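Here is what each chain is made of, one letter per residue.
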Amino acid sequence: MENIMVKVKLLFIAVVFLLLISGCAPKYFYHTTHLSSELKITNEYKSDAQIDSLIYPYKAQLDSTMNIVLAVCDTILTKDKPSSNLGNFFCDAIKYIAEKKTGSSIDLAIVNYGGIRLNMISAGNITLGKVYELMPFDNQLVILKIKGDTLATVLDIIAAQGGWPVSGVNFTIKKNSAVNIFINNKTFDITQTYTLVVSDYIANGGDNLNMLKNIPQQKIGFLMRDALVDYLKDMNVQGHKIVANNTQRIKNVE
Amino acid sequence: MWNRKSFIKASAAAATLIATGQFPLNAMVSKDDETTLTILHTNDVHSRIEPFPMDGGKNQGMGGAAARLSLIKSIRKENSNILLLDVGDIWQGTPYFNFFNGAVEYKVMNEMGYDASTLGNHDFDIGLEGLKKHLPSAKFSMLNANYDFVDTILNGMIDPYKIFDKNGVKVGVFGIGIELNGLVPANMYGNVKYNDPIKTANIIAEKLKNELGCNFIICLSHLGFKYENKKVSDEILCTSTKNIDLILGGHTHTFFEKPLTYKNLDGKEVLLNQAGWAGLMLGRLDFKFKKMSEKKYFKYSNTFIGKS
Ligand SMILES: [Zn+2]
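*Asks:* Hey, could you run me through the overall build of chain B in this one?
*Replies:* Looking only at helices and strands, one finds nine helices and 15 strands in chain B. Counting all 308 residues of chain B, 61% fall into the buried class. Taking contacts inside chain B between residues at least 6 apart in sequence as the whole, the part at least 24 apart equals 73%. Accessible surface, chain B as shown: approximately 11900 Å² in total, 51% of it carbon and sulfur.

What follows is the structure, given as structure tokens:
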């Protein structure tokens, strides 16, 4: 591995004397020197036996279950705004499982940007442990029947935040609003009611989506994480690798 | 301890030297009169007990509790006058939290000798019961000043601030948390009342400085670095408060290459630093204090942990 890279920058050296007078008596003087250095440590600090022995029993227990391979990822998936292949994968998976569990079609899936907890998944084996890191929260899948006007408000909030992971919906962000909205390739109709799958965190108004709070929730008794696990297992059984879907479902106006 | 009388006397002497144009800088204070305090800090470690796996990812091999302790130990050899601090979101992010419910993270922090931490939003992820269960095992102080726990089962378990005597330097440390409503499910934080961070920080810092005579004041803030909208942030905290010397941030997972300097309400310098997330970086700031002066030399190094 690389050596220790030590970059020491003498950014600023200053000596300042400040005499503050209270009445006629000098109160204090002030004297500063700024010395700044920037150190990047590579593999020097590798391990510590004290910690290794503390975590060993826990690690052994986790390794026995968490290293199970669920599926194989063909390419690296990364999370980004306004749209990304990791976001597309995540939302396609929960939409697929929500449809499978309910036996009816779901129009769209939305996940809050902060709800996906890894910035990337490497190509290769996707283990159960990786899915826990991707979705550590014990959030449930919830299905909502959402009116067009409420959905428009939600999409505007997503647009104002620069885009969230979605499935089943495409739109353009223009001046912090969602425009050119298509639901399953059909022009969005504000008078229609749509079926939406989200986490209970979002359905309960999390990430300031208060407008969702009053919509009756259909719970399917399934964790988001378990949905990802089942989706990966299904893909594996069907002989599919996980491939990157690079469609820009949400894009910024040109 | 540095009392006010000797402080003024020494200052008067210094003033004379300056006035007459003869101030041999190093001769003015003897070695015994100065002390270096090293502040080490992490934030948003998110249950990263092990280093990132060797899977070709950007952070592969980086971080991990063992590497962090090894680094901390080497710094302790250099200088034993250390404060080791965390800025919250200790929990949530790897199966260590899902399967062992918070026990491992606190054990590891005890082992490293953390002095204090504050509460991040994810530290409420197993509810108030989870904190009630684990806080007694923490050998570090859990500090927060703007959450009111009076009507909860945590009443009396979380102090607003703590004063550390570090070689005669009185260091006041307090914690500030982010608004939980809309961020944390309501059933997780129950009757915790959120008080205004700016107002609270000003009240506590004033008390630490003027009533309790602290020489140096540190705020552990889980508000987040800055936002596009007007949402309260560390940047706003820096410029809307007084009496704070250093703010250590978190929540936004921001890797600071170097601490930022702001002017506070009094026009005085306040420093802000944040060490990314996941135990990938250890923030470090060194302050040199001299008996007769207000605040002294300062240097820093934010260090990435593990392989690059
Ligand atoms: Zn946080």
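Read on, since the account is not over.
*Asks:* Is there a simple way to think about the sheet that holds strand E11 (residues 260-263) of chain B in this case?
*Replies:* Within a sheet, adjacent strands bond to each other through the backbone by hydrogen bonds, running parallel or antiparallel. Residues and elements named next belong to chain B. Spatially, six strands are ordered E6-E7-E9-E10-E12-E11 in an open sheet, and the strand pairing comes out mixed. Whereas interior strands pair on both sides, the edge strands pair on one side only; in this sheet they are strand E6 (161-166) and E11. Within this sheet the neighbouring strands show an average axis-to-axis angle of 25 degrees, counted without direction. When strand E7 (residues 169-176) meets strand E9 (residues 216-221), the two strands line up parallel, connected through six bridges. The partner of Gly175 across the bridge, within E9, is Leu220. Running at roughly 165 degrees to E7, helix H8 (residues 197-211) makes contact with E6, E7 and E9 of the sheet.

*Asks:* What is the right way to look at the coordination of the zinc ion in this model?
*Replies:* Ideal geometry at a metal gives 109.5 degrees between four tetrahedral donors and either 90 or 180 degrees between six octahedral ones. Residue and element names in this part refer to chain B. Distances from the zinc ion to its protein donors, namely Asp89 (OD), Asn121 (OD1), His222 (NE2) and His251 (ND1), fall within the range 2.1 to 2.2 Å. For the zinc ion, the four donor atoms in the first shell make angles of 90 to 161 degrees at the metal, so the coordination geometry reads as irregular. Of note, the zinc ion draws all its donor residues from one chain, in the sequence arrangement D-x31-N-x100-H-x28-H. Of the two residues, His222 is situated in the loop between E9 and helix H9 (234-239) and His251 in the loop between strand E10 (246-248) and E11; the sequence distance between them amounts to 29 residues. Comparing His222 with His251, the two get one shared label, buried.

*Asks:* I would appreciate a short explanation of the sheet that holds strand E13 (residues 169-174) of chain A in the present structure.
*Replies:* Residues and elements named next belong to chain A. In spatial order, the strands read E15-E14-E13-E18; together these four strands make up an open sheet with mixed pairing. The sheet is open, and its two borders are formed by strand E15 (186-187) and strand E18 (250-252), each paired with just one other strand. Across the face of the sheet, helix H4 (residues 148-160) comes into contact with E13, strand E14 (177-183) and E18 while running at roughly 125 degrees to E14.

*Asks:* How do you make sense of the confidence of the model for chain A when you look at a structure like this?
*Replies:* Detail in the predicted coordinates should be disregarded across regions flagged by low pLDDT. Of all residues in chain A, 82% have pLDDT values of 70 or greater, and the mean over the chain is 84. Within the model, pLDDT remains below 50 along residues 1-43 of chain A, and this stretch shows 109 contacts once partners closer than five positions in the same chain are excluded.

*Asks:* Explanation requested: the nonpolar core in the structure shown.
*Replies:* Within soluble globular proteins, side chains that are nonpolar generally end up buried alongside one another. Core analysis: the largest hydrophobic core is formed by 82 residues, its most contacted members being Ile242(A) and Phe124(B). Per-element accounting of this core gives the leading share, eight residues, to helix H2 (residues 85-102) of chain A. If we ignore the near neighbours within four places in the chain, the residues touching Ile242(A) are Ala71(A), Val72(A), Cys73(A), Asp74(A), Thr75(A), Leu77(A), Phe89(A), Ile126(A), Tyr231(A), Leu232(A) and Met235(A). Ranked by size, the runner-up nonpolar core spans 30 residues in total, among them Ile158(A), Ala159(A), Leu196(A) and Leu209(A).

About the thresholds
Residues numbered from 1 in each chain as written. Chains lettered and ligands numbered in written order. Predicted model: local features only at pLDDT ≥ 70, side-chain atom pairs only at ≥ 80, totals over all residues. Heavy atoms only, no water. Helix = DSSP H or I, 4+ residues; strand = E, 2+ residues; numbered from the N terminus. Buried < 20%, exposed > 50% of the residue type's maximum accessible area, 1.4 Å probe, protein only. Contact = heavy atoms within 4.5 Å. Areas by Shrake-Rupley, 256 points an atom, 1.4 Å probe, with all protein chains shown as cover. Pairing = 2+ DSSP bridges. Axes fitted to C-alpha atoms, helices over the stretch in contact; angles between N-to-C directions. Donors = N, O, S within 2.8 Å, 3.2 Å for Na, K, Ca; no water. Tetrahedral: all angles 85-135°; square planar, octahedral: opposite > 155°, others 65-115°. pLDDT = per-residue confidence, 0-100. Core = buried A, V, L, I, M, F, W, Y, C linked by side-chain atoms within 4.5 Å.

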